[in-house]
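# Summary of the model geometry
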Amino acid sequence: MRRRVGAAVPATLLALLAGCNGNLPAWWNQTWPSAAPRRAADAAAAPAAEVPVLVRAAEPERSSADRRVALDVVLTVLHVQVPGERRAQVGPIWNHLREDVFDSETALRLRKNGVRVGVGKVQWWDAIQATLDVTEGVRSLALDPVRLPPGFPLALELDQRPREQTLFYVADDGILTGETWPHSRNVLRISHELNRLHPERLRLLVVPEVRQRLDGWRWVRTGSGLAQVPDYHGRTFAAAAFAVDLEPGEFLLVAPNSAADTYGIVGGAFLSNAQDPDKHDSYVFLRADVNHVALRP
């Protein structure tokens, strides 16, 4: 039975569609921000080319005891589409990614549902880019950096238009379950959690979600009051969801695996248009920069 997806706050929606052909954008090699705390005055005086950070206006210097540190997360997304027949050719990129980021049960669950996940370091990016650049037919789109407030998920839309689809997933009990979703779109819902004991680390949560737009709007409660958002039915797929802890200078890759070729399996439906003549696999790179900004209480 379908259920309506309800959240305490609305999700920002970004279209994650393929862009122009050619080499991957050079922005990925920009210097990664330091994890050291920054004063509000320093952040306000930062060059315009840096990732935008929302801070309070500069104020007189105070002792460290009078200041607190606010954590501001900026998410950057790179969507790379690889022709399905070139999957083996881009296989070497996984030599530069760690895949041992889950326990065995989680890894098996994701594998059965057609999802492959890897964590890379910024110093490994050149080797990954070199492989993708020489692969014929690769196309990419880099989204502008966006703030990711706590409890405010970002929805990355994977479809250009609504479609009818039958989606299957394999639960922890090994049972295959499916249902049909007419006039629906697939999104990856991204959110984060901060580790107060290790503020340099960031936990990214990735949840596949199918949405079916309804007529009208609905009201949801946010930290700043009520907000009006589009109304929709939907379902999240916990069987293909995961959480990854990232250290400074690390990025995440979400991609399909060989099981994604199974008809309707959630990983293939979201990350590989296997049923279309022009089949492409989606490789979604996620980079989350944590800025530490010292603010007065």
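Throughout what follows, the structure given in this document is the object of discussion.

Cut-offs and rules
Residues numbered from 1 in each chain as written. Predicted model: local features only at pLDDT ≥ 70, side-chain atom pairs only at ≥ 80, totals over all residues. Heavy atoms only, no water. Phe/Tyr/Trp six-rings, centres within 6.5 Å; stacked < 30°, edge-to-face > 60°. Helix = DSSP H or I, 4+ residues; strand = E, 2+ residues; numbered from the N terminus. Buried < 20%, exposed > 50% of the residue type's maximum accessible area, 1.4 Å probe, protein only. Lys NZ or Arg CZ within 6 Å of the ring centre and 35° of its normal. Salt bridge = Lys/Arg side-chain N within 4 Å of Asp/Glu carboxyl O. 1 Å grid on protein atoms, 1.4 Å probe; cavity = no way out; pocket = protein on both sides within 12 Å on 5 of 7 lines; lining within 4 Å. Points joined across faces, edges and corners; volume = space filled by probe spheres on them. Nonpolar A, V, L, I, M, F, W, Y, C, P; charged D, E, K, R; others polar.

This model, assessed by the stated rule, comprises six aromatic pairs. Measuring from centroid to centroid gives 5.1 Å for Trp125 and Phe285, while their planes differ by 85°, and the two rings are edge-to-face. Note that Trp125 is positioned in helix H3 (residues 125–133) and Phe285 in strand S14 (residues 280–295), a separation of 160 residues in sequence. Looking at Trp125, the relative accessible area reads 0%, which means it is buried. Residue Phe285 is classed as buried on the basis of its relative accessible area of 0%. An aromatic cluster is built from Trp125, Phe251 and Phe285, whose rings are joined through pairwise contacts. Just above the ring of Trp94 sits the side chain of Arg116; from NZ or CZ to the centre is 4.0 Å.

Counted according to the given criterion, the structure contains 17 salt bridges. A salt bridge links Arg87 to Asp261, with the shortest nitrogen-to-oxygen separation between them at 3.3 Å. Linking Arg87 in the loop between strand S3 (68–83) and helix H2 (104–112) with Asp261 in the loop between strand S13 (250–256) and helix H4 (266–271), this pair joins segments that are 174 residues apart in sequence. A residue is classified by how much of its surface remains accessible, and Asp261, at 40% relative accessible area, is partly exposed. Across the pair Glu250 and Lys121 runs a salt bridge, and its minimum N-O distance is 3.1 Å. Residue Glu250 is found in strand S13, and its partner Lys121 is found in strand S4 (residues 115–121); the two are separated by 129 residues along the sequence. Judged by its relative accessible area of 4%, Glu250 is buried. Each of the salt bridges in this network shares a partner with another, and the network as a whole consists of Arg87, Asp261, Lys279 and Asp281.

Over the atoms rolls a probe the size of a water molecule, and in doing so it shows where empty space is left. Summed over the entire model, instances satisfying the criterion amount to two cavities of 30 Å³ or more. The calculated volume of the second largest cavity comes to roughly 50 Å³. Lining the second largest cavity, in full, are Val115, Leu188, Val206, Pro208, Ala240, Phe242, Val254, Val266, Gly267, Phe270 and Leu271. Mapped onto the lining of the second largest cavity, the elements with two or more residues apiece are strand S10 (202–222) and H4. Broken down by element, the residue count for the lining of the second largest cavity peaks at four residues, all from H4. Across the lining of the second largest cavity, the residue classes tally to 10 nonpolar, one polar and no charged.

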